[in-house]
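Notes for the structure review
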Amino acid sequence: MHKNNLTHDGKVLLLRGHFRQCLSVVQHGNRVTVLEVTIRNNDTWPQFHQLRLTQNMRTVAGSQDYADWLIQFGNGVLPTYPKLNIPDINEIPKEFFNYNRSLVEHVFGDPANGDCLRINNQIIKDMPGTLHEYRSIDTIDSDDPEEISNYPTKVLNSFDVSEIPTHLLKMKVGAVIILLKNIDSRQGLCNGTRLIIRVLRENLIVAEIVAGKNRGTSSTSRG
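Residues numbered from 1 in each chain as written. Predicted model: local features only at pLDDT ≥ 70, side-chain atom pairs only at ≥ 80, totals over all residues. Heavy atoms only, no water.

Description of the side chain of Thr44
Under the convention used in this document: Here a helix means four or more residues in a row that DSSP labels H or I, a strand means two or more in a row labelled E, and each is numbered from the N terminus. Whenever a nitrogen or oxygen atom comes within 3.5 Å of another N or O atom, the pair is scored as a polar contact, on the condition that within protein one atom can donate a hydrogen and the other can accept it, and that pairs from neighbouring residues in sequence are kept only if both atoms are in side chains. When checking whether two residues touch, look at their non-hydrogen atoms; a contact exists if any pair is within 4.5 Å.
Tracing the backbone shows Thr44 in the loop between helix 1 (31-36) and helix 2 (64-75). A polar side-chain atom of Thr44 sits 2.6 Å from a polar atom in the side chain of Asn42. For Thr44, the residues in contact, after removing those within four places along its chain, are Thr7 and His8.

Given below as structure tokens:
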């Protein structure tokens, strides 16, 4: 601490961020308590010099109407519809919707993981070492012949859904994989954990956690 009465000991502070989106966190706090601890309610806030962006980087040429609508929405000056008996309801203009594709496809693109699979297979192909292939179970566990006929093997093998492995997985020792299931949180084996393959057998995969406090811990998966 310096022996002076200057704010923050006279040091220069640089704060950045979107304060509308990054609110303070108050444990079990309501809207009022959260607002009370925001930076704008701090005693030192009037001493900060605000530098504002002059261009909305989230919009492109020809999207000024959308940019203006976002600003008005953030400022809370858009008209509301109290007749719906729901507070703070705003209408999204129809022209902001894309009718040629669904909203999910418009925002996130094709939900299938074909591109990701293609890139992964190319990386695995270029890596040194022996290629190992693992296939999922492609039969229906049912005694109903009609139900079995509804899901032929060819159809089961063609499923390609995000966040679910494909029927055929190609792997090599040294490749990085991601765990898709919570197995043992105490050992760091949670959904999203990255591991590097150390051993590949016909029905056995040994991998090592590559990051976090459990880095270097090995895990075994049997198929």
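Picking up where we left off.
Section: the pairing of strand 5 (residues 204-209)
Applicable threshold: Strands are treated as partners if at least two bridges between them are detected by DSSP.
Two elements, strand 4 (residues 194-201) and strand 5, share six bridges in a ladder whose sense is antiparallel. Bridge pairing in strand 5 places Ile196 opposite Glu208. In textbook terms, the turn of a hairpin is the stretch between consecutive antiparallel strands, and for strand 4 and strand 5 this stretch comprises two residues.

With respect to the pattern of salt bridges
Basically, it comes down to this: Counted as salt bridges are all cases of a side-chain nitrogen of Lys or Arg within 4 Å of a carboxyl oxygen of Asp or Glu.
In total, this model carries two salt bridges according to the counting rule given. For Arg135, the salt bridge is made with Glu133, and the minimal N-O distance between the two is 3.4 Å. Its salt-bridge partner being Arg198, residue Glu208 comes within 3.5 Å of it at the nearest N-O pair. On the criterion of sequence distance, the pair formed by Glu208 in strand 5 and Arg198 in strand 4 is long-range, its members being 10 residues apart.

Quick notes on the packing of aromatic side chains
In plain terms, the rule: The aromatic pairing rule takes the rings of Phe, Tyr and Trp, using the six-membered ring of Trp, and pairs them if the centres are within 6.5 Å, calling planes under 30 degrees apart stacked, those over 60 edge-to-face and the rest tilted.
If you walk through the whole model with that rule in mind, you get two aromatic pairs. Pairing Trp69 with Phe73 gives two aromatic rings, centres 5.5 Å apart and planes at 10 degrees, and the pair type is stacked. Of the two residues, Trp69 and Phe73 both sit in helix 2, four residues apart, roughly one turn of that helix.

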